[in-house]
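Listed here are the chains, written in short residue letters.
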Amino acid sequence: MSGPSTYQPQNGFMKWVETRLPIGGLVHSSFVAYPTPRNLNYWWTFGGILSMMLALQIVTGVILAMHYTPHVDMAFNSVEAIVRDVNFGWLLRNMHAAGASMFFIAVYIHMFRGLYYGSYKAPREVLWILGVIIYLLMMATGFMGYVLPWGQMSFWGATVITNLFSAIPVVGESIVTLLWGGYSVGNPTLNRFFSLHYLLPFVIAGVVVLHVWALHVAGQNNPAGVEPKTEKDTVPFTPYATIKDAFGMVCFLIFFSWFIFYMPNYLGDAENYIQANPGVTPAHIVPEWYYLPFYAILRSIPSKLGGVIAMFGAIVVLAFLPWLDTAKTRSLRYRPLAKQFFWIFVVVCLLLGWLGGKPAEGVYVTVGRILTFCYFAYFLLVLPILSRIETPRPVPNSIADDVLAKSGKKAATTTASIAVALLAGAALLAGGVDQARAADHGNTPPSQSWSFAGPFGKYDRGALQRGYQVYKEVCSTCHSMNLLHFRNLADPGGPGFTAAQAAALAAGYQVQDGPNDAGDMFERPGRVADRFPAPFPNENAARAANGGAAPPDLSLIAKARSYARGFPQFIFDLFTQFQEQGPNYIDALLQGYEENPPAGVTVPEGSFYNKYFPGHAIKMPKPLSDDQVTYSDGSPQTVAQYAHDVTTFLMWAAEPHMEARKQLGMQVMIFLIVFAGLLYFTKKKVWADAH
Amino acid sequence: MTTASSAEPTRRDFLYVATGAFAAVGTAAFVWPLISQMNPDASTIAAGAPIQVDLSPIAVGQDIKVFWRGKPIYIMNRTQKQIDEARAVPVASLPDPESDQARVKEGHDNWLIVIGICTHLGCVPLAHEGNYDGFFCPCHGSQYDSSGRIRQGPAPANLPVPPYTFVSDTKVQIG
């Protein structure tokens with residue numbers, strides 16, 4: 001995109017096209033011949049990684065939209081139907097959901113890289129501002145996407161975020177009504193969010209084109225922050241940058257795959273596996289981790305309007321950065337003082353993210369205010385002052401000089417800095433997510449040993465079949481499992497019933513069908529395509545029959561219950577793939593009943609004392625007792641065994657494709673690691689000529 | 001930049017070919033789920049299971065329309081006249097030659113069960129209409145006889161017969 005192209009088409013057809021539409025020349029000058037500084041480090045591969053993530057999000061998103069239903073009554077179940085029934089639906093959904101987080105991880109690294117190396121300075125101000133616009137669009141898109149599954153966090157996140165606009169004087173309330181399309185968050189809100197969530201990624205793609213255009217006019221910045229002067233300072237984009245970017249992308253995909261295949265729920269909130277309920281707010285409303293720093297800023301200002309202004313100001317201030325930092329030296333490598341402040345700023349951002357997940361009370365408020373001050377002080381005080389008083393170290397004469405000087409120690413520092421950054425990023429991420437989980441006041445359930453834990457975990461078929469028996473004979477008298485069908489009992493990776501057994505189990509139930517030709521509803525034996533029948537016709541009936549507390553649907557209960565693991569355990573969990581909070585909790589709850597509450601604890605009439613239930617007073621009477629269910633395979637008929645079996649069954653019900661997921665995950669991981677190795681050596685060969 | 005050219009394959013060439021092959025295989029493997037997701041999902045497949053239809057309320061000369069896998073299925077209790085007409089036609093003279101006997105179950109010759117989708121462009125033909133005592137498609141004027149065979153008009157083939165079996169004399173399982 002810079003200057004006339006030197007592209008010479010080889011064959012006649014391409015020549016014919018080129019004289020009419022010089023697209024070959026455009027591609028050639030932008031992505032082949034384009035001179036790229038030869039001293040770029042791996043932090044520069046995140047531009048390519050972000051392009052890849054945008055493409056992946058659009059592709060998976062377009063596909064999910066083929067199966068999703070944007071209606072308040074159907075959205076939640078349609079997402080579950082994608083995960084359960086659509087071919088590879090679980091994969092596409094995990095890619096899209098985890099992909100959003102990956103996108104933000106990459107964009108934050110990209111932004112901090114720009115900050116560190118002064119990539120916003122002349123002549124790249126427009127490039128930088130376009131980047132800030134992309135970031136704002138990403139936040140809007142991510143927020144609206146999070147609303148679509150219509151879980152509890154979706155609904156309450158939408159309520160809280162749209163209410164931000166009510167802070168605007170005079171017109172605030174009208175704007176909020178306009179956003180909702182009603183008097184509260186409801187079906188019109190969901191519909192428009194779906195529409196906009198589909199639209200905005202293409203707007204982002206458009207701004208990305210401008211961003212890349214501006215980049216190719218100004219040329220890339222580089223770690224030394226000196227402009228290329230001679231041909232020795234640059235290498236052609238292809239093959240040098242392409243192969244390096246490809247290696248970076250595949251490494252990033254390995255990181256990404258860890259979440260897709262092994263930790264799909266680590267970055268999400270258990271609360272979002274409960275369908276939206278406008279009558280009950282979750283105990284802790286927390287946005288997705290990538291908004292947490294701004295959420296912390298919002299909450300530290302003791303005024304509604306002030307908080308909203310500060311929150312948006314924290315992003316908008318980035319756009320003014322080129323005029324706040326007026327230092328001539330671009331790269332912080334040569335600004336020792338500014339470099340120290342930069343790292344302090346990074347820590348401030350991480351701490352703000354951590355605070356965003358904490359309740360806004362006590363010492364957290366004070367710390368939040370100090371950190372908010374530090375955040376703004378970096379842009380409004382530190383950078384303007386430093387650019388006037390700091391004496392930078394001399395910069396290299398040219399990029400070629402920089403490469404020669406650095407070639408010795410470069411590899412080690414790059415690797416170390418990437419490792420540090422990844423760890424820090426992981427800590428922020430994990431911290432935010434962990435805090436997001438409701439730290440209720442129950443006892444922490446003991447960790448059990450589960451056959452389905454870990455990268456090779458599989459369900460224990462015997463436990464699944466016994467668990468189904470326990471569900472059928474005990475739980476199903478009060479609890480529905482609306483997302484389960486009898487056909488699922490014969491699915492691969494499930495309890496291992498044959499199709500005939502599943503059909504027989506279904507036929508054991510009478511299911512209402514109709515209307516028939518006379519217009520009457522009638523009963524017929526169940527078929528494999530039928531759902532598990534619900535014990536009550538509707539929620540009100542369930543509530544009335546159970547002392548005012550409707551027994552929750554159990555389809556997703558093993559993923560909808562969780563507890564905080566605490567620091568530093570949640571960081572280890574990322575590596576050990578621990579995500580059995582739900583099963584641990586259910587197992588403990590079923591065994592946590594005590595006849596006599598501890599001294600000083602009174603349980604209201606109609607409630608029962610449970611050691612692990614938040615608040616300890618549970619409406620469900622002790623459901624299991626020894627010898628209640630007769631096992632045919634000789635397994636012990638104890639409460640502990642029942643609890644273990646039914647919990648295993650519920651985990652399968654919540655995550656029916658787990659075995660396929662982990663198996664495919666292993667294949668993908670091996671493939672990507674080998675591919676990354678090949679790319680690394682290819683990259684070394686290619687670059688051998690350049691150094 | 002130097003351009004190394006060598007007639008002999010080198011280790012470098014092998015590396016490049018292997019990397020390229022991995023990229024190609026990886027892309028193909030990634031595209032597979034993106035295509036596969038468009039196929040019917042598990043709930044659609046389960047809903048497409050065989051259905052049973054009670055024939056006892058259908059009098060001679062009447063027909064009903066049931067749905068199986070989202071397709072309208074005509075179940076017609078044919079009169080003797082309709083059967084005779086269908087069997088009197090020389091099979092070789094038909095555009096899509098097929099005998100009436102081949103389109104019904106032996107011993108249940110009065111029951112014609114066909115998928116009611118015109119083989120021209122997918123409209124639903126009207127039963128007991130047209131010149132052949134069978135079906136008439138109002139969209140483009142295709143005429144089917146009392147065996148559901150194409151006799152006149154743009155449709156290229158007979159109305160297809162779905163897989164079905166008689167569970168009893170008055171009950172049929174379609175699918």
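All values reported here derive from a predicted model rather than from experimental measurement.

Parameters at a glance
Residues numbered from 1 in each chain as written. Chains lettered and ligands numbered in written order. Predicted model: local features only at pLDDT ≥ 70, side-chain atom pairs only at ≥ 80, totals over all residues. Heavy atoms only, no water. Helix = DSSP H or I, 4+ residues; strand = E, 2+ residues; numbered from the N terminus. Rg over C-alpha atoms; globule rule 2.2 N^0.38 Å. Buried < 20%, exposed > 50% of the residue type's maximum accessible area, 1.4 Å probe, protein only. Contact = heavy atoms within 4.5 Å. pLDDT = per-residue confidence, 0-100. Core = buried A, V, L, I, M, F, W, Y, C linked by side-chain atoms within 4.5 Å. Buried area = accessible area lost by both parts, 1.4 Å probe. Salt bridge = Lys/Arg side-chain N within 4 Å of Asp/Glu carboxyl O. Polar contact = N/O pair within 3.5 Å; in protein donor to acceptor, adjacent residues only side chain to side chain. Nonpolar A, V, L, I, M, F, W, Y, C, P; charged D, E, K, R; others polar. Disulfide = S-S within 2.5 Å. Phe/Tyr/Trp six-rings, centres within 6.5 Å; stacked < 30°, edge-to-face > 60°. Lys NZ or Arg CZ within 6 Å of the ring centre and 35° of its normal.

(A) Up close: the overall build of chain B. Summing up its helical and strand segments, chain B has 3 helices and 10 strands in all. The helix and strand sequence of chain B, counted from the amino end, reads α-α-β-β-β-α-β-β-β-β-β-β-β. Rg of the C-alpha trace for chain B: 27 Å, well past the compact-globule value of 16 Å for 175 residues, more than 25% over. Along the longest, intermediate and shortest principal axes, the C-alpha atoms of chain B span 90 × 35 × 30 Å. The buried share of chain B, taken over its 175 residues, is 35%. Of all intrachain contacts in chain B linking residues separated by at least 6 positions in sequence, the fraction that spans at least 24 positions is 51%.

(B) Structural context of unusual backbone geometry. All names here are of chain A. Residue Pro-239 is bonded to the preceding Thr-238 through a cis peptide linkage, with omega at 5 degrees. Between Gly-514 and the following residue, Pro-515, the backbone shows a cis peptide bond with an omega angle of 0 degrees. Mapping Pro-515 onto the fold places it in the loop between β3 (510–513) and β4 (522–525). One non-glycine residue, Val-170, adopts positive backbone phi at about 65 degrees. Within the secondary structure, Val-170 is located in the loop between α7 (152–163) and α8 (172–180). In this structure, Gln-577 takes a positive phi of about 60 degrees despite not being glycine. Within the secondary structure layout, Gln-577 lies in the loop between α22 (569–576) and α23 (581–591).

(C) Representation of the environment of Phe-259 of chain A. All names here are of chain A. Structurally, Phe-259 is set in helix α10 (residues 237–262). What makes Phe-259 buried here is its relative accessible area of 1%. Along the chain, Phe-259 and Pro-568 lie 309 residues apart, while their C-alpha atoms are 19 Å from each other.

(D) Quick peek at the confidence of the model for chain B. Per-residue confidence for chain B averages 91 on the pLDDT scale, and 95% of its residues sit at or above 70. Across the predicted assembly, pTM comes out at 0.92 and ipTM at 0.87.

(E) Just the nonpolar core, in detail. Residues and elements named next belong to chain A. Among the nonpolar cores identified, the biggest contains 135 residues, and Phe-104, Tyr-375 and Phe-379 are the most heavily contacted of them. With 17 residues, helix α5 (residues 89–116) is the single largest residue contributor to this core. Other than its neighbours up to four places away in sequence, Phe-379 contacts Leu-115, Val-317, Leu-318, Leu-321, Leu-324, Phe-345 and Pro-384. Grouped together as the second largest cluster of nonpolar side chains are 48 residues, Val-470, Leu-505, Ile-557 and Ile-618 included.

(F) Representation of the interface of chain B and chain A within the structure. At the junction of the two partners, chain B supplies 25 residues and chain A supplies 27 residues. Both faces combined, the contact of chain B with chain A buries some 2,300 Å², and carbon together with sulfur accounts for 73% of it. Our enumeration of links across chain B and chain A arrives at 0 salt bridges. Taken together, the connections running from chain B to chain A amount to 4 residue pairs in polar contact (both at pLDDT 80 or more). Looking at the side of chain B that touches chain A, the elements that each hand over two or more residues are α1 (11–36) and α2 (42–47) of chain B. Considering every element that reaches the side of chain B that touches chain A, the biggest residue donor is α1 of chain B, with 14 residues. Looking at the side of chain B that touches chain A, its residues break down into 16 nonpolar, 7 polar and 2 charged.

(G) Highlighting the state of the cysteines. Residue and element names in this part refer to chain B. In total, this model carries 1 disulfide over all chains according to the counting rule given. One disulfide bridge connects Cys-123 with Cys-139, the sulfur atoms lying 2.0 Å from each other. The sign of the -100 degrees torsion about the S-S bond sets the Cys-123-Cys-139 disulfide as left-handed. Of this pair, Cys-123 sits in the loop between β4 (111–115) and β5 (126–129) while Cys-139 sits in the loop between β6 (134–136) and β7 (143–144), placing them 16 residues apart in sequence.

(H) Main features of the packing of aromatic side chains. All names here are of chain A. Tallied over the entire structure, the rule returns 59 aromatic pairs over all chains. Consider the rings of Phe-46 and Phe-252, whose centres lie 6.2 Å apart with planes at 85 degrees: the pair is edge-to-face. You can see Phe-46 sitting in helix α3 (residues 46–67) and its partner Phe-252 sitting in helix α10, a full 206 residues away along the chain. Taking the relative accessible area as the measure of exposure, Phe-46 reaches 10% and is therefore buried. When its relative accessible area of 7% is taken as the criterion, Phe-252 is described as buried. Each residue in the set Trp-44, Phe-112, Tyr-116, Tyr-117, Phe-342, Trp-343, Phe-345, Tyr-375, Phe-376, Tyr-378 and Phe-379 is aromatic and connected to the rest through ring pairs, giving one cluster. The aromatic ring of Trp-44 is capped on one face by Arg-113, whose charged end is 4.3 Å from the ring centroid. Above the ring of Tyr-631, the side-chain terminus of Arg-466 is found at 5.6 Å from the ring centroid.

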